[in-house]
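The chain contents come next:
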Amino acid sequence: MTDRNERELHPADLAGAYALHALDATDVAAFEAHLAESEQARIEAAELNDTAVALGLAVAPVQPSAALKANLMSMLASTPQLPPVPAPRAAGPATTDAPASVSGATSVVAPVTPAAAEPTEVSGEAPTAQVDTARTDPAAPRPVADIRSGTGSTSPGSAAERAQARWFKRPAQFLLAAAAAAALFVGGTFLGQTLNTNQFESQQAAGLAQINAADDAQRAATTTADGQEATLVWSNKLGISAVLVDNLPALPSNQDYQLWYINAEGAVPAGTFDSSGDGTAWRVLDGTMHAGDQVGVTVEPNGGSDQPTSNPIVAFQS
Amino acid sequence: MLDLMTVDPAGDFASVAPATKEELLARVAHGDQSAFGELYDQIAPRVLGLVKRLLVDHAQSEEVTQEIFLEIWQSAARYEQSRGGASTWILTMAHRRAVDRIRSSQAGRDRDTKIGIRDLAVAYDHVAETVEVRLEHERVEKAMTRLTELQRQAVSLAYYGGFSHSEVADMLHIPLGTVKTRLRDGLIRLRDELGVAS
């Protein structure tokens with residue numbers, strides 16, 4: 001955006017809008033060029049940034065769903081970390097944030113979020129059971145904005161860095177790493193009840209990490225009959241899915257939760273699980289998911305049933 | 001590595017004081033997942049609170065919060081303590097990400113423009129969870145009263161509404177150049193009122 005009907009402004013005038021992230025890419029570039037030249041401007045930018053953060057600290061905190069943490073932790077093992085900024089740092093005017101902004105909201109992140117299926121107030125999206133098609137390309141690590149002085153650690157930079165970025169696109173070792181993820185579900189209840197627990201947990205964690213890393217990962221969020229947040233994540237390509245439920249009530253010892261794939265052929269049992277009642281209960285389903293399958297959860301006698309004997313407490317359409 | 005060995009979530013040797021966010025971030029930079037979990041517990045509600053303030057929609061806000069924490073995980077090694085506290089680093093990233101989401105999504109553009117015009121006071125509709133937040137809020141609210149009406153509106157729209165300077169100009173019916181100077185003057189006044197200086 002250019003100033004249509006205005007006199008030339010001094011770049012220093014952009015300091016406020018810059019700290020508030022209210023500039024477009026062109027103006028950001030102009031301002032960062034200015035920063036590169038002026039120590040005083042850098043000091044002001046740092047102070048105004050701190051001021052903006054003070055505004056942020058005045059906002060009332062909001063507790064995230066338990067599933068968000070469980071999901072994040074499952075992704076760490078397959079998410080490589082950047083090395084420290086190589087020294088000496090690229091001198092000269094900071095590169096703008098623009099290239100990053102283009103990839104912007106989609107960078108880095110595997111798309112699955114166990115977000116609440118809370119009714120959306122403003123956006124026009126369907127309030128429940130909404131299906132997000134995955135944004136893929138878990139790559140392109142977005143350069144980290146230089147938050148203090150804006151002198152440009154944001155440079156998308158050197159060939160080496162770009163190579164690094166490319167490497168990020170294919171965290172090929174995620175399968176190996178995912179085993180380590182098993183150790184992570186400290187916060188969530190994880191009580192699949194077969195086999196020897198460790199091996200089972202590893203498989204489960206690897207499955208969840210795999211879904212999260214899949215380039216066609218999708219999710220559907222809804223609520224159970226009793227109002228708990230429930231999320232289905234799946235990959236049609238991999239043919240696997242997982243159900244995550246927040247604060248699912250614990251069952252008496254003679255009952256289990258059971259998962260089902262439901263399609264034209266009927267209901268196919270896909271494993272049982274328990275819940276401790278708080279945190280996030282989740283399980284990767286046994287068997288193969290086919291595109292369009294429904295996924296349901298019922299309460300069954302201990303050990304599970306061949307066919308559902310009760311109405312589902314929650315069902316998803318994939 | 002020494003700093004990794006200090007992490008012993010299962011052990012009973014846990015230090016008396018909880019680790020600072022800066023310490024945690026340093027451990028995260030070395031791939032310490034339990035430090036990441038701890039850092040998350042400490043600051044995720046702040047991050048989600050801020051993001052939701054801008055995006056309104058809860059599900060979308062959790063999604064962006066997830067992106068932010070993955071960025072923290074990925075780029076922890078690039079955090080430089082000499083340049084500011086961990087909260088500053090994280091909340092700046094959070095605000096930028098929320099703004100990116102608004103700019104990049106139609107949902108963002110379709111937001112009722114009224115949400116940007118809300119006062120800080122209105123935004124603060126739930127009672128603060130902690131004394132710390134309440135004090136911070138009162139301090140900021142007081143500082144805000146020192147701004148001119150136009151400065152206050154422009155700063156609120158840009159920061160809490162996530163609007164660009166040209167959107168702010170449209171909404172307030174003032175020239176873009178005026179918005180730029182109001183944003184700068186307003187923030188400088190806030191800086192002085194809040195005693196932020198390096």
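Throughout, residues of each chain are indexed from 1 in the direction in which the sequence is written. Chain letters start at A and ligand numbers start at 1, both assigned in the order the entries are written. It should be noted that, the model being predicted, local features are given only for residues of pLDDT at least 70 and side-chain atom pairs only at 80 or more, the latter also being counted only at that level, while totals for whole chains, interfaces and linings use all residues.

(A) Focus on the overall build of chain B. Numbering of helices and strands runs from the N terminus; a helix is a DSSP stretch of H or I covering at least four residues, while a strand is a stretch of E covering at least two. In terms of helices and strands, chain B carries twelve helices and zero strands. Ordered by position from N to C terminus, the α and β elements of chain B give α-α-α-α-α-α-α-α-α-α-α-α. Partly exposed residues are those falling between the two cut-offs: more than 12 but fewer than 20 other C-beta atoms within 10 Å of their own, whereas 20 or more means buried and 12 or fewer means exposed, with C-beta atoms placed from the backbone. Burial statistics for chain B: of 198 residues in total, 52% are counted as buried. Long-range pairs, those at least 24 residues apart, make up 60% of the contacts in chain B between residues at least 6 apart in sequence. We call two residues in contact whenever the C-beta atoms placed from their backbones are within 7 Å.

(B) Structural view of helix H2 (residues 21-29) of chain B. Those residues of H2(B) that sit buried are B:Lys21, B:Leu24, B:Leu25, B:Arg27, B:Val28 and B:Ala29. Among the residues trailing H2(B), B:Gly31 stands out with phi positive, at a value near 85 degrees.

(C) Focus on the packing of helix H4 (residues 58-75) of chain B against helix H5 (residues 86-104) of chain B. Residue and element names in this part refer to chain B. Axes here refer to lines fitted to C-alpha atoms; in helices the fit is confined to the stretch in contact. Angles between the N-to-C directions go from 0 to 180 degrees. Between H4 and H5, the least distance of the axes is 10 Å, while the angle of their chain directions is 135 degrees. As far as their axial angle goes, H5 and H4 are oblique. The crossing of H4 and H5 is right-handed. Here Val64, Glu67, Ile68, Glu71 and Ile72 of H4 come into contact with H5, specifically with Ile90, Met93, Ala94, Arg97, Ala98 and Arg101. Split by residue class, the contact of H4 with H5 holds seven nonpolar, no polar and four charged. Roughly parallel means an angle under 35 degrees; roughly antiparallel, over 145; roughly perpendicular, 65 to 115; everything else is oblique. Crossings are sorted by hand: turned counterclockwise from the far helix by less than a right angle, the near helix makes the crossing left-handed, and turned clockwise it makes it right-handed. Under the convention adopted here, Pro, Cys and the residues Ala, Val, Leu, Ile, Met, Phe, Trp and Tyr are nonpolar, Asp, Glu, Lys and Arg are charged, and Gly plus all remaining residues are polar.

(D) Local environment of the sheet that holds strand E9 (residues 314-317) of chain A. Residues and elements named next belong to chain A. Note: two strands are recorded as paired if DSSP finds a minimum of 2 bridges between them. A sheet is described by the order of its strands in space; here four strands give the open sequence E6-E5-E8-E9, paired in antiparallel fashion. With one partner strand each, in any of the chains shown, strand E6 (266-273) and E9 form the two edges of the open sheet. Taken over all neighbouring pairs, the strand axes of this sheet differ in orientation by 30 degrees on average, direction set aside. Here four bridges tie strand E8 (residues 294-301) to E9, and the two strands are oriented antiparallel to one another. Paired with Val295 across the two strands is Phe316, which belongs to E9.

(E) View of the pairing of strand E4 (residues 240-246) of chain A. Residues and elements named next belong to chain A. The buried count for E4 comes to seven of seven residues, which makes it a mostly enclosed element. Residue alternation in E4 divides its side chains into two sets, Ile240, Ala242, Leu244 and Asp246 and Ser241, Val243 and Val245, and both sets are buried. Relative to E4, strand E3 (residues 229-235) is paired through six bridges, and the arrangement is antiparallel. The residue bridging Ser235 from the neighbouring strand is Ile240, located in E4. Taking the residues between adjacent antiparallel strands as the criterion, E3 and E4 are bridged by four residues, where Gly239 takes a positive phi near 70 degrees. Judged from the five bridges that link them, E4 and strand E7 (residues 280-284) form a sheet pairing that is antiparallel. Bridge assignment links Leu244 to a residue of E7, and that residue is Trp282.

(F) The arrangement of the environment of A:Asn236 in detail. All names here are of chain A. Along the chain, the position of Asn236 falls in the loop between E3 and E4. On the basis of neighbour counts, which here come to 17 C-beta atoms within 10 Å, the residue Asn236 falls in the partly exposed class. C-alpha separation for the pair Asn236 and Met289, spaced 53 residues apart in sequence, amounts to 7.0 Å. Those residues in contact with Asn236, other than ones at most four positions away along the chain, are Asp216 and Ala291.

(G) Up close: the confidence of the model for chain B. All names here are of chain B. On average, residues of chain B score 82 in pLDDT, and 78% of them are at 70 or above. pLDDT measures how confident the predictor is about each residue, on a scale from 0 to 100. pLDDT under 50 marks residues 1-15. Its contacts with residues more than four places away, or in other chains, come to 14 contacts. Confidence drops under a pLDDT of 50 for residues 112-128, and excluding neighbours within four residues, the segment shows 25 contacts in the predicted structure. The ipTM assigned to the predicted complex is 0.84, against a pTM of 0.55.

(H) How the structure looks around the nonpolar core. A set of buried residues qualifies as a nonpolar core if it consists of Ala, Val, Leu, Ile, Met, Phe, Trp, Tyr and Cys joined through C-beta atoms within 7 Å. With 120 residues, the main nonpolar core has A:Val243 and B:Ala158 as its most contacted residues. For B:Ala158, the residues in contact, after removing those within four places along its chain, are A:Ala17, A:Leu20, A:Ala22, B:Phe163, B:His165, B:Val168 and B:Leu183.

(I) Structural view of the pairing of strand E5 (residues 255-263) of chain A. All names here are of chain A. Taken together, the eight bridges between E5 and E8 define a ladder with antiparallel strand orientation. Paired with Asp256 across the bridge in E8 is Glu300. Pairing of E5 with E6 involves six bridges; the strand directions are antiparallel. Within the sheet, the bridge partner assigned to Ile262 lies in E6 and is Ala267. Turn length for the E5-E6 hairpin, with the two strands adjacent in sequence and antiparallel, is two residues.

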